[in-house]
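# Residue-level structural notes
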Amino acid sequence: MVEGQTVLRAENISKSFGTVKALNNVSFDLRRGEIHGLLGENGAGKTTLCNILYGMVRPDSGKIYLNDVGVRFTSPRDAMAMGIGMVHQEFTLIPNLSVVDNVVLFTENSGLLMNRSEAAERVERYGSEYGLKVNPYVKVSELSAGEKQRLEILKVLMRGARILILDEPTSVLTRIETVELFRALEKMAADGRSVILVTHKMDDVLSSAHRITVLRQGVKVATLENRDVDRSTLARLIVNRDVVFSLEKPVSQAGGPLLQIQDLRYLDTSGVEVLKRVRLEVRAGEVVGICGVAGNGQKELVETVVGVLKPTSGKIFLNGREVSRLPPSRRRELGMAYIPEEFTEGLVPDFKLWENIVLSTPISARLSSRGLLNPLRVRAAVEDLIKTYQIKTSSPDAFTWSLSGGNKQKLLLAREFYQKPTVIVAHNPTKGLDIAATEYVRRALLELRSQGKGVLLVSNDLDEVVEMSDRLMVMHAGRIVGEFSHQSVDLDRVARLMLGAS
Ligand SMILES: Nc1ncnc2c1ncn2[C@@H]1O[C@H](COP(=O)(O)OP(=O)(O)OP(=O)(O)O)[C@@H](O)[C@H]1O
Ligand SMILES: [Mg+2]
């Protein structure tokens, strides 16, 4: 229990967006030295509350107090000046710039001027102090999701934040990265900083948070001491019903190969061999899972398979046909669907919901008559998808940026499944999803499998890949270093292989 004084307090906050009541009379308080977990279903209002505390969104009513003094933020700049920093659900880094240049850019408009070598020195100093190491000189596009997350936190620390608001920092992290992150958060708390931690992973909060607040449809359900809750109570508070954590997976008989990857090599921009002659096959009716420590070639494997990256050599066959040189859109037309690793990939934020759905050429072809999109059919189809996937939105004409993080992920999944793929390449498919949506998506993937389709599942969530896969591959340093059938998975051995043991 943390008995520290209250550093930040929100009182009776309400906020509506059009007809959506995102927050309804919510009160919240954060203590000095506390890690405070914030939980709730997709669209429950977590990000909105964080954005209000950070001065990014103005509440319709309610008050905010910082150290018992009433404050009114007009922008994040005000909040930052008072020592509040936020790491957003989606990365805000500029991919084509290096780590230091991102830091220089971020701190420039805070009045904290530094040159590149000072920035590099700080990245290293803060990095080693908090165990959040990032190489200052690499390009951000070459960082793993975990490294990007670390960099986002370092940026906020460097600006002197005493209160850190972290919106789903662990959704794309591997177990090891999550543990490292928590160690850093615990150190920050011990230094007297305070942390708001938004997450869908109950184990995360149960292992690290001092107190936990649950939101449901914009209303605060409870704030509890960690020791007073367990997994199932917490789940019931979040969804307001009992939740069973189990996935039925009927035995499947794998058929012929649908996806064949032969001797795939990829050299990155600095000439490093990131993929070293990867060979693998996904057969009909099979889920093939890939696990590994982030940054061992998983992302490049996925991206070369779907056509976002051009392999240096090697071949990819989809349903017997070579697709190695085809652009992503052609691969889609031939039956490949793709769920990218990060939220920011795959959807155009400024597009309306329906526009993002028909972005997929096989879908737009299906909803067209004589080469023209049929608006009525598009509307009916998109309304149907919104219902099926329980996407929380006002209409198919809403802009995609207005969706909550998890609802964006649902939109993307809806499109990829609606495409009726032969093979789906799914990278972290359940990131950002709440418990119910996670279950739904896992079932949908298994449903494709029982229809005789193929699933290539790459996930940073080890439990997820182990549970879902008929065959599990371990990737290390650009190679597949181990293969297990579902029945023969030996977790100790998997862990050792992930770390490079032979
Ligand atoms: N700028 C906006 N315009 C319109 N609606 C919005 C806007 N921001 C949020 N909303 C709506 O407010 C509700 C709460 O969204 P919020 O992002 O706070 O949810 P969340 O709890 O963070 O969900 P998730 O777990 O999916 O990230 C959602 O229905 C969302 O669509
Ligand atoms: Mg959110």
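Fair warning: this is a prediction, and the values are worked out from it, not measured in the lab.

So, about the coordination of the magnesium ion (ligand 2). At this site the magnesium ion (ligand 2) is bound by T47 (OG1) and Q89 (OE1), with donor distances of 2.0 to 2.5 Å. Of this pair, T47 sits in helix α1 (residues 46-53) while Q89 sits in the loop between β6 (84-87) and α3 (99-108); the two residues are 42 residues apart in sequence, bridging distant segments of the chain. Residue classification places T47 among the partly exposed positions, given a relative accessible area of 27%.

Here six strands make up an open sheet; going across it, the order is β6-β7-β8-β3-β9-β10 and the pairing mixed. Because the sheet does not close on itself, it has two edges, and the strands there are β6 and β10 (219-225). When the angles between neighbouring strand axes are averaged without regard to direction, this sheet yields 15 degrees. Inspection of the sheet shows strand β3 (residues 35-39) paired to strand β8 (residues 194-198) by four bridges, in the parallel sense. Counted as the bridge partner of G37 is L197 from β8. Packing of helix α8 (residues 231-239) onto the sheet brings it into contact with β3, β9 (211-216) and β10, and relative to β9 it is tilted by some 30 degrees.

Here we come to the domain arrangement of the protein. By a widespread convention, an interface's size corresponds to the accessible area lost as its parts come together. One can read the domain layout of the protein as domain 1 (6-239) and domain 2 (257-346 + 420-498). The centre of domain 1, based on its C-alpha atoms, is set 31 Å off from the matching centre of domain 2. Contact with domain 1, which involves 21 residues of that partner, is made by 19 residues of domain 2. Where domain 1 packs against domain 2, one counts one salt bridge. A salt bridge links E342 to K148; the shortest N-O distance between them is 2.9 Å. Taken together, domain 1 and domain 2 are joined by six residue pairs in polar contact (both at pLDDT 80 or more). Breaking the side of domain 1 that touches domain 2 down by element, the ones donating at least two residues are α5 (145-158), α6 (175-190) and α8. Ranked by residue count, the leading element in the side of domain 1 that touches domain 2 is α6, at three residues.

Now for the site of ligand 1. Around ligand 1, the structure places 21 residues, and the nearest of them are K46, T47, T48, S404 and G406. Between ligand 1 and the protein, one listed contact pairs an oxygen atom with a backbone N or O atom of A44 at 3.2 Å. Within the side chain of Q89, one N or O atom sits 2.9 Å away from an oxygen atom of ligand 1. Considered on its own, ligand 1 offers 640 Å² of accessible surface; in the complex 87% of this is hidden by protein. Of all elements in the fold, only β2 (20-31), α1 and α14 (405-418) reach the threshold of two or more residues within the shell around ligand 1. Classifying every residue of the shell around ligand 1 by side-chain character gives five nonpolar, 12 polar and four charged.

This paragraph deals with the pairing of strand β16 (residues 336-339). The alternating pattern of β16 places M336 and Y338 and A337 and I339 on opposite faces, both of which are buried. Relative to strand β19 (residues 423-427), β16 runs parallel, the two sharing four bridges. Within β19, the position partnered with Y338 by the bridge is V425.

With 48 residues, the main nonpolar core has L132, I153, L185 and M188 as its most contacted residues. Those residues in contact with I153 that lie beyond four places of it in its chain are V87, L132, L164, L166, L181 and M188. Counting 45 residues, the second largest nonpolar core, distinct from the first, contains A414, F417, A444 and V494.

Turning to the sheet that holds β16, a few remarks are in order. Strand order across the open sheet formed by six strands is β16-β19-β20-β13-β21-β22, with mixed pairing between neighbours. Across the chains shown, the open sheet's two edge strands, defined by having one partner strand only, are β16 and β22 (479-485). On average, adjacent strands in this sheet sit at an angle of 15 degrees to one another, irrespective of strand direction. Note that β19 and strand β20 (residues 454-458) share five bridges and pair parallel.

Scoring rules and cut-offs
- Residues numbered from 1 in each chain as written.
- Chains lettered and ligands numbered in written order.
- Predicted model: local features only at pLDDT ≥ 70, side-chain atom pairs only at ≥ 80, totals over all residues.
- Heavy atoms only, no water.
- Donors = N, O, S within 2.8 Å, 3.2 Å for Na, K, Ca; no water.
- Helix = DSSP H or I, 4+ residues; strand = E, 2+ residues; numbered from the N terminus.
- Buried < 20%, exposed > 50% of the residue type's maximum accessible area, 1.4 Å probe, protein only.
- Pairing = 2+ DSSP bridges.
- Axes fitted to C-alpha atoms, helices over the stretch in contact; angles between N-to-C directions.
- Contact = heavy atoms within 4.5 Å.
- Domains from an automatic or database assignment.
- Salt bridge = Lys/Arg side-chain N within 4 Å of Asp/Glu carboxyl O.
- Polar contact = N/O pair within 3.5 Å; in protein donor to acceptor, adjacent residues only side chain to side chain.
- Near = heavy atom within 4 Å.
- Areas by Shrake-Rupley, 256 points an atom, 1.4 Å probe, with all protein chains shown as cover.
- Nonpolar A, V, L, I, M, F, W, Y, C, P; charged D, E, K, R; others polar.
- Core = buried A, V, L, I, M, F, W, Y, C linked by side-chain atoms within 4.5 Å.

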